[in-house]
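Residues per chain are reported as follows:
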Amino acid sequence: MYRIYRELELNRRIKLRKRMKRDKPDELAVPDAPNEVWSMDFMADRLGDGRQFSLLNVLDDFNREGLGIEIDFSLPAERVVRALNQIIEWRGALGTICFDKGPEYISGTLMEWAENKGITLSYIQPGKPQQNAYVERYNRTVRHEWLDLYIFESIEAVQQIATEWLWSYNHERPNMGNGRMTRGLSTRIIATEPNSNRALLRGHSVFLRPADVHRGGQIRHQVSQLTCVTAVLRHPQLPKNRFCQPSPTKRC
């Protein structure tokens, strides 16, 4: 038996595979103020009749505030530029935009627009979406909370749901990373107090309990209103126009 074992060369020593050493990814940098770094990314879905449409998500990396969701059957570079100009009108100028090397992002139209505006275009490395993790995480929230919950019959229905959800996401949902304040409110406080930081922001909502944040919609809505009222009382000079996102039902 052993002779056959050796003739078949089964007695050779098995070489162990060497483990590949993977580089530890760099931690995501958090901007110090709003409008320093925005992130953009595309998503895709289909209507009930099978027609495909695209979504362009724009996010502020400072507090992950959603700045806009552009939706249509086709979103070329010209539409991307138009959407960014509309956001800049109410949000203000920005410093850097981070995205992947999609065909809409590497076009001459977008590069010329960024050069004229003095905006830096930052591209992530191919095959490394984790370098743009803020907007990737936001994409998952968009898909799980409303995009996959409906069978849309028209592009107008998608736009209506997206507008209402985005307003609620920014102005009615407490954010644990901002001391349980809404994203829109934390941005306005930073605009009023440029020297404030996240530790200071937590001081404005210290009265909120974690249990209140995780309960049902009615209590969550009351917590959001309570946060807004308290912040306005402590900051009576909050601006009404800067960093104020247009509401789907009322204007700022």
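Once a new chain begins, its residue numbering starts again from 1 and follows that chain's sequence as written. Residue-level local features of this predicted model are given only where pLDDT is at least 70; pairs of side-chain atoms are given and counted only at 80 or more, and the full residue set underlies all totals for whole chains, interfaces and linings. To obtain the side-chain values, all non-hydrogen atoms of the structure were included, while hydrogens and water were left out.

### Examining the pairing of strand β5 (residues 120-123)
For two strands to be treated as a pair, DSSP must find at least two bridges joining them. Segments assigned H or I by DSSP are reported as helices when at least four residues long, segments assigned E as strands when at least two residues long, and all are numbered from the N terminus. In terms of strand pairing, strand β4 (residues 96-99) meets β5 through 4 bridges, oriented parallel. Across the sheet, Thr96 pairs through a bridge with Thr120, a residue of β5. Handedness of a crossover is defined as follows: with both strands directed away from the viewer, a clockwise route from the first strand across the helix to the second makes it right-handed. Traced from β4 through helix α3 (residues 108-117) to β5, the parallel crossover comes out right-handed.

### Describing the pairing of strand β3 (residues 65-72)
Counting buried positions along β3 gives 7 out of 8 residues, so the element sits mostly inside the fold. With 7 bridges joining them, strand β2 (residues 52-60) and β3 adopt antiparallel strand pairing. The residue bridging Ser54 from the neighbouring strand is Asp72, located in β3. Working definition: with a 1.4 Å probe on protein chains only, accessible area under 20% of the residue-type maximum means buried, over 50% means exposed, and in between means partly exposed.

### Section: the packing of helix α4 (residues 133-147) against helix α5 (residues 155-171)
Only the stretch in contact is used when fitting a helix axis, every axis being a line fitted to C-alpha atoms; angles between N-to-C directions are given from 0 to 180 degrees. Interhelical geometry of α4 versus α5 gives an angle of 115 degrees and a closest axis separation of 12 Å. Of the two possible hands of crossing, α4 and α5 adopt the one that is right-handed. Of α5, the residues touching α4 (which contributes Tyr138, Thr141, Val142, Glu145 and Trp146) are Val158, Ile161, Ala162, Trp165, Leu166 and Tyr169. Here the contact of α4 with α5 is built from residues that sort into 9 nonpolar, 1 polar and 1 charged. Should the near helix be turned anticlockwise from the far one by less than a right angle, the crossing is termed left-handed; should it be turned clockwise, right-handed. Residue contacts are defined here by distance: any two heavy atoms, one from each residue, within 4.5 Å place the two residues in contact. Put simply, Ala, Val, Leu, Ile, Met, Phe, Trp, Tyr, Cys and Pro go in the nonpolar bin, Asp, Glu, Lys and Arg in the charged bin, and everything else, Gly too, in the polar bin.

### Side note on α4
Expected span, for any helix, means 1.5 Å times one less than how many residues it has. The end-to-end C-alpha distance of α4 is 19 Å, a good match for the 21 Å that 15 residues give at a rise of 1.5 Å each. Those residues of α4 lying buried are Tyr134, Val135, Tyr138, Asn139, Thr141, Val142, Trp146 and Leu147. Summarising the axial view, the buried residues of α4 lie within an arc of 165 degrees, below the 170-degree limit, and thus occupy one face. Buried residues belonging to α4 abut β1 (37-46), β2, β3 and α5. This arc is taken over the directions from the axis of the helix to the C-beta atoms.

### With respect to the side chain of Thr141
Mapped onto the elements, Thr141 comes out in helix α4. Its relative accessible area of 10% is what places Thr141 among the buried residues. Not counting chain neighbours up to four residues away, the residues in contact with Thr141 comprise Trp165, Tyr169 and Arg173.

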